[in-house]
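# Structural description and commentary
One letter stands for each residue in the lines below.
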Amino acid sequence: MDQQSLSALMEELGRQAVAAAAVLARAGRAQKDLALTAAAAAVRSSREGILAANAHDLEAAGARGLSAARLDRLRLDGARVEAIAAGLEAVAALPDPVGRVSARWERPNGLTIERVAVPLGVIGIIYESRPNVTTDAGALCLKSGNAVILRGGSDCAHSSRALHECLAAGLTAAQLPQASIQLVPTRDRAAVGYLLAGMAEYLDVIVPRGGKALVQRVQQEARVPVIGHLEGNCHVYVDRDADVRMARAIALNAKMRRTGICGAAETLLVDEACAGTHLAPIVHDLLEAGCEVRGDAAVQRVDPRVRPAREEDWYTEYLDAIIAARVVAGVEAAIAHIAHYGSAHTEAIVTDNAATAERFLREVDSAIVLHNASTQFADGAEFGMGAEIGISTERFHARGPVGVEQLTSYKYVVRGRGQVRS
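Notes on the structure follow. (Residues numbered from 1 in each chain as written. Predicted model: local features only at pLDDT ≥ 70, side-chain atom pairs only at ≥ 80, totals over all residues. Heavy atoms only, no water.)

### Describing the overall build of the protein chain
Going by this rule: Runs of H or I in DSSP of at least four residues are treated as helices and runs of E of at least two as strands, each being numbered from the N terminus. Only C-alpha atoms enter the radius of gyration, while the globule expectation follows 2.2 Å times N to the 0.38, with N the number of residues. Using a 1.4 Å probe on the protein chains alone, a residue whose accessible area is under 20% of its type maximum counts as buried, one over 50% counts as exposed, and one in between counts as partly exposed. Throughout, a residue-residue contact means that at least one pair of heavy atoms, one from each residue, lies within 4.5 Å. When charges are tallied, Lys and Arg are placed among the positive residues and Asp and Glu among the negative ones, while His and the ends of the chain are skipped. We put the charge of a Lys on NZ, of an Arg on CZ, of an Asp on CG and of a Glu on CD.
The helix and strand inventory of the protein chain stands at 14 helices and 16 strands. Since a compact globule built from 422 residues should have a radius of gyration of about 22 Å, the 23 Å found for the protein chain is in line with a globular shape. If you line up the protein chain on its principal axes, its C-alpha atoms span 70 × 65 × 40 Å. Expressed as a percentage of its 422 residues, the buried residues of the protein chain come to 55%. The contacts in the protein chain between residues at least 6 apart in sequence include a share of 72% that link residues at least 24 apart. Here the protein chain contributes 45 positive and 50 negative side-chain charges, whose respective centroids are spaced 5 Å apart.

Here is the structure:
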């Protein structure tokens, strides 16, 4: 597509989104929820077509040599399609965040002041190979009264288009503008650059969801605020007071349940005080499950299959069946390691010592910290938020899972009885 045509296309998407956002800001809960439940019904009735579109994407991705982890992120099956439909219904069941009064007070002069939630406006979302982001993002933006322009990756183009058609059917059923949820209809890579630098007139915020290179580009080039995280270098720390069976189960699940998601554990830290009893079983479990373990000298000694860890391994988000492992001198050393090498995403401690757990939860400065639970729970749906657009490691505006409440801002509503300021 030539530059002039692309410019005209993107500006038209922007204009339509701004108009749709004005309608959505006034829409009531019943109308928005109808759109979501109708979209869920469309997903279920279109199951075979969605799977056929996904098979097309998988075939093309396999031919390009995508890794097993990336193929897993792209793959849909019957259960995942049903989860997409159920996710739309879960978002519909949430309270409407728009109009929620988060604080109210009265001044001595009789003025009453309320802080009231309002939509952000128009959101641009750029994502890579996870087709479910199409419905998650569309649903969350709709519920929070925002219009959204979606730019999915070429890897999931057919899957995203099939799912977007279901969202469009829901909007039609609820008599809401089709431009409420738009999918950029071109694979031209220049469209991403245009979203970042050429649409500040129309967009209020950009949300990237993908690999480190994508997020870095968005953060560097965007001309509007960004909600996102650079990477998920997540840690599991096994403390000296950990139950060994619990530690084994959590470490294995945190790494191997799904290796390609941002909440997958990438580094295992084991307290030297329990290394003699806990380290070997955990490492053995990981190796037997097909995980490559890269360890320090102490970890290498427990199994000859462990490969030496290099300095860069402690910084790496593998998104694959690989984990770095190290023995540390207690909780203080674990906290220091996470502060130095971590990405402020998600960290877990396994311990039966309540005081140690509270210290870890208090001092680790990450978006999500867990006690005796797998890092794979770093997910908006698991938090009861219906779905998420992503996990934000930013400190400004939103942190952790980004759901409907995080996609609102607020305004102050002041009511008086004729007061004037002296």
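### Overview of the sheet that holds strand E12 (residues 346–350)
For clarity, the cut-off: Strands pair, by our definition, only if DSSP identifies at least two bridges between them. Angles shown run from 0 to 180 degrees and are taken between the N-to-C directions of axes, each axis being a line fitted to C-alpha atoms and, for helices, limited to the stretch in contact.
If you walk across this open sheet you meet the seven strands as E10-E9-E11-E8-E7-E12-E13, and the pairing is parallel. Edge positions in the sheet fall to strand E10 (307–308) and strand E13 (368–371), since each has one partner strand and no second. In this sheet, strand E8 (residues 265–271) lies alongside strand E7 (residues 234–238) in parallel orientation, the contact comprising five bridges. Paired with valine 236 across the two strands is leucine 268, which belongs to E8. Along the sheet, helix H10 (residues 244–256) contacts E7, E8, strand E11 (322–328) and E12; its crossing angle with E8, the most-contacted strand, is approximately 160 degrees.

### Regarding the packing of helix H1 (residues 3–26) against helix H8 (residues 190–197)
Worth spelling out the cut-off: These descriptions rest on fixed angle ranges, namely under 35 degrees for roughly parallel, over 145 for roughly antiparallel, 65 to 115 for roughly perpendicular, and the rest for oblique. Helix crossings are classified by the rotation of the near helix relative to the far one: an anticlockwise turn of less than a right angle makes the crossing left-handed, while a clockwise turn makes it right-handed. Residue type decides the class: Asp, Glu, Lys and Arg count as charged, Ala, Val, Leu, Ile, Met, Phe, Trp, Tyr, Cys and Pro as nonpolar, and the leftover types, Gly among them, as polar.
At their nearest, the axes of H1 and H8 sit 10 Å apart, and the two run at 50 degrees to each other. One element, H1, and the other, H8, form an angle in the oblique class. Crossing hand, H1 versus H8: right-handed. Together, Gln3, Leu6, Ser7, Met10 and Glu11 of H1 and Ala190, Ala191, Tyr194 and Leu195 of H8 make up the contact between the two elements. Class assignment of the residues belonging to the contact of H1 with H8 gives a composition of six nonpolar, two polar and one charged.

### Observations regarding helix H9 (residues 212–221)
What counts here: Here the arc refers to the directions that run from the helix axis out to each C-beta atom.
By the burial criterion, the buried members of H9 are Leu214, Val215 and Val218. Angularly, the buried residues of H9 cover 95 degrees about the axis, an arc narrow enough to put them on a single face. Structural note: H9 exposes Ala213 and Gln220 on the side pointing more than 90 degrees away from its buried face. At its buried positions, H9 is contacted by strand E3 (122–127), H8 and strand E6 (205–209).

### Overview of the pattern of salt bridges
If the charged atoms of two oppositely charged side chains come close together, the side chains can form a pair. To keep things clear, this is the line we draw: Put simply, a salt bridge is a Lys or Arg side-chain nitrogen that is within 4 Å of an Asp or Glu carboxyl oxygen.
Evaluation of the coordinates by the stated rule reveals 30 salt bridges. Here the salt bridges share partners, and the residues they tie into one network are Glu292, Arg294, Arg307 and Asp313.

Keep in mind these values describe shape, not function.
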